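This is what each chain is made of:
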Amino acid sequence: MQTSGAGKVARQLVVGIDAMEWSLVEKWANEEKLPTFQRLIQQGARAQLTTTAAQLPDTVWACIYTGTNPGKFEKFFYVQYAPRTRGLRNVPDDEIRRTPFWDYMSAAGLRVGIADVAKFPLSKSINGFQFTNWGAHATKTARTSFPSTLMGEVDARFGRHPVGDCDKFDAKPDSLRELRQRVLDGVRAHGEVFRWLMCEQQWDLFFAGFSAAHCIGHHFWHGVDPSHPRHEESVKDGFAETMEQVYRAIDREIGEMLALVEPGTRVMIVSGHGMGPIFHASWNLPEMLDLWGYGTKPARRVSITDKPNRAKVNPWRILKMIVPGPVQYAIKNRLPQFAQDQLLFLWYRGGKSWKGCRAFAIPNNDSVGAIRVSVKGRDHNGVVDPVDYHLVCRDIADALYELKDREGGRQLVKQVTLTHETFHGPFLEQLPDLTVLWDQSFAWDTVYSPRFGTLQIKQQDARTGGHSSHGFVLMTGADIPADVELPRSSIYDIAPTILQAANIPIPQDMDGSPLPIHTAVTTA
């Protein structure tokens, strides 16, 4: 279809790919296994992106859509600490009320199409069409659309998305084989839906979301990583090429989408974070904080000898690893929402009481630990005087940076972020006070601290892949120079870049700036 005629603005096709790993894209594009990505790299500009995956991985897409940092919107994780009650609550995507870039375009008279992008609710007013939670990964909003008939039409033409919740599949080979086939079928289904909408609907902006790279990375990373402890297992089970197969499928679908666009259309491919191995001690932070004296007892050592002490485990996490995925979801679907929430809270909290603790671990995406300081006047029955807040944060950060792998002596913590020094906005006070990005570049299962000794930690997750803290963007178009690498930019810059291309003023409260598309750093 032609543009809607709302001003002399070039069309924009934006494709969001959830958790696609840039190092793999570069590798396979260079090997000519991803011809669409290879062409985009050669014909356009690219940039690596800093991202909130280093602190709050679940905020990545909301940051991209709104151009703002996590302190400016209501949700940082789907299970959030509640300061007023010192408890947990379930937070759907619908609580996010920050305006996405497509609403600004819609209000300016441009026709927008938003197709199954992850982790964001349906816009309340849109000039165009949108559907949510058809096949998007881990999206906590209604399965709905505008117009209201659109979702039904998608289902009637293409059926339900074949994957559903990918965490219902466990680590057994037969379950993983089924998941792999469903993910590949889902890539094709997404491509077919997107191309149908591109041809049948009018649009000035079309934004489509592929989620397959996220799901497949979590469950099959050990296949692509020869250094992973379970790599040989993946080879034996026939999973070594699974991630490549899915990336190639996404490449084909995007290539077919690009064949439909008019000359001069600006194309943007963006991923807000990547994927890598998952080695962390996030689930052991409650015990570490207690050993450092931030619980209800004085600091103590686990052992006076060099022998590692077995770390505590959350039995609810182990139970989830043991019980087959289909059985878990069959039980879950029979429970009322309140009971589901309580089980979820046990899975994250393990029944631990935070009463009287100066600091405690709170839920966040597994690859990044999160710590809350109990501050008087801010947190329910707070313990720490506000004047001591920064001192406490610095001491915990120092203790985290002291953690090492007992076997090799390597530092285990890559980055500690004090969120009050990094983010800002009206929802800053609900965020964790510290986040802990672990070094996941090597396998480790011991944690040594000069303050408490050595803990032998146990795996509490069947998945082999976790989020890496970098993203990427590729752009082509009439005004985009070819084969150019831009300076490292931010996920906050995506929304301003799209608005600038549409000649729409960039809101002052956005934290990003348009990408410097005419500034070359290096060329291939």
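Because the structure is predicted, anything quoted here is derived from the model rather than measured. (Residues numbered from 1 in each chain as written. Predicted model: local features only at pLDDT ≥ 70, side-chain atom pairs only at ≥ 80, totals over all residues. Heavy atoms only, no water.)

**Points about a nonpolar patch on the surface**
Logical step 1: A contiguous nonpolar patch, built from W316, L319 and L343 and spanning about 250 Å² of accessible area, is present on the exposed surface.
Logical step 2: By secondary structure assignment, the location of L319 is in helix α11 (residues 315-322). (Patch = residues over 30% accessible without salt bridge, like charges linked within 9 Å, V, L, I, M, F, W, Y side chains within 5 Å. Areas by Shrake-Rupley, 256 points an atom, 1.4 Å probe, with all protein chains shown as cover. Salt bridge = Lys/Arg side-chain N within 4 Å of Asp/Glu carboxyl O. Helix = DSSP H or I, 4+ residues; strand = E, 2+ residues; numbered from the N terminus.)

**Description of the sheet that holds strand β14 (residues 413-418)**
Logical step 1: An order of β12-β13-β15-β14 is seen for the four strands of this open sheet, with the pairing classed as antiparallel. The two strands at the open ends of the sheet, each matched to only one other strand, are β12 (359-361) and β14. In this sheet, neighbouring strand axes are inclined to one another by 20 degrees on average, regardless of whether the strands run parallel or antiparallel.
Logical step 2: Bridge count for strand β13 (residues 368-373) against strand β15 (residues 434-438) is four bridges, and the pairing is antiparallel. In the strand pairing of β15, A370 is matched with T435.
Logical step 3: Against the sheet, helix α14 (residues 389-401) engages β12, β13, β14 and β15, with an angle of about 170 degrees to β14. (Pairing = 2+ DSSP bridges. Axes fitted to C-alpha atoms, helices over the stretch in contact; angles between N-to-C directions. Contact = heavy atoms within 4.5 Å.)

**Quick notes on the sheet that holds strand β16 (residues 446-449)**
Logical step 1: Taken in spatial order, the three strands of this open sheet run β11-β17-β16, and their pairing is mixed. Edge strands, defined here as strands with exactly one partner in the open sheet, are β11 (309-310) and β16.

**Some points on the nonpolar core**
Logical step 1: Counting residues in each nonpolar core, the largest one holds 64 residues, and the members touching the most others are Y65, F101, W102, M105, L205, V473 and I494.
Logical step 2: Per-element accounting of this core gives the leading share, six residues, to helix α3 (residues 60-66).
Logical step 3: Those residues in contact with W102 that lie beyond four places of it in its chain are Y65, V112, I114, V117, F120, S123, I126, Q130, L205 and F207.
Logical step 4: Residues L24, V163, F206 and I254 belong to the second largest nonpolar core, which totals 59 residues. (Core = buried A, V, L, I, M, F, W, Y, C linked by side-chain atoms within 4.5 Å. Buried < 20%, exposed > 50% of the residue type's maximum accessible area, 1.4 Å probe, protein only.)

**A look at the pattern of salt bridges**
Logical step 1: This model, assessed by the stated rule, comprises 36 salt bridges.
Logical step 2: Note that D170 and K172 form a salt bridge whose closest N and O atoms lie 3.9 Å from each other.
Logical step 3: With relative accessibility at 15%, the residue D170 sits in the buried group.
Logical step 4: You can call K172 partly exposed: its relative accessible area is 44%.
Logical step 5: In this structure, R463 and D366 form a salt bridge, with 3.3 Å as the shortest nitrogen-oxygen distance. Taken together, the positions of R463 in the loop between β17 (453-456) and β18 (465-468) and D366 in the loop between β12 and β13 put the pair 97 residues apart, joining distant regions of the chain.
Logical step 6: In this structure D366 comes out as buried when scored by relative accessible area, which is 6%.
Logical step 7: One salt-bridge network, held together by shared partners, links K27, E31, K33, E244 and R248.

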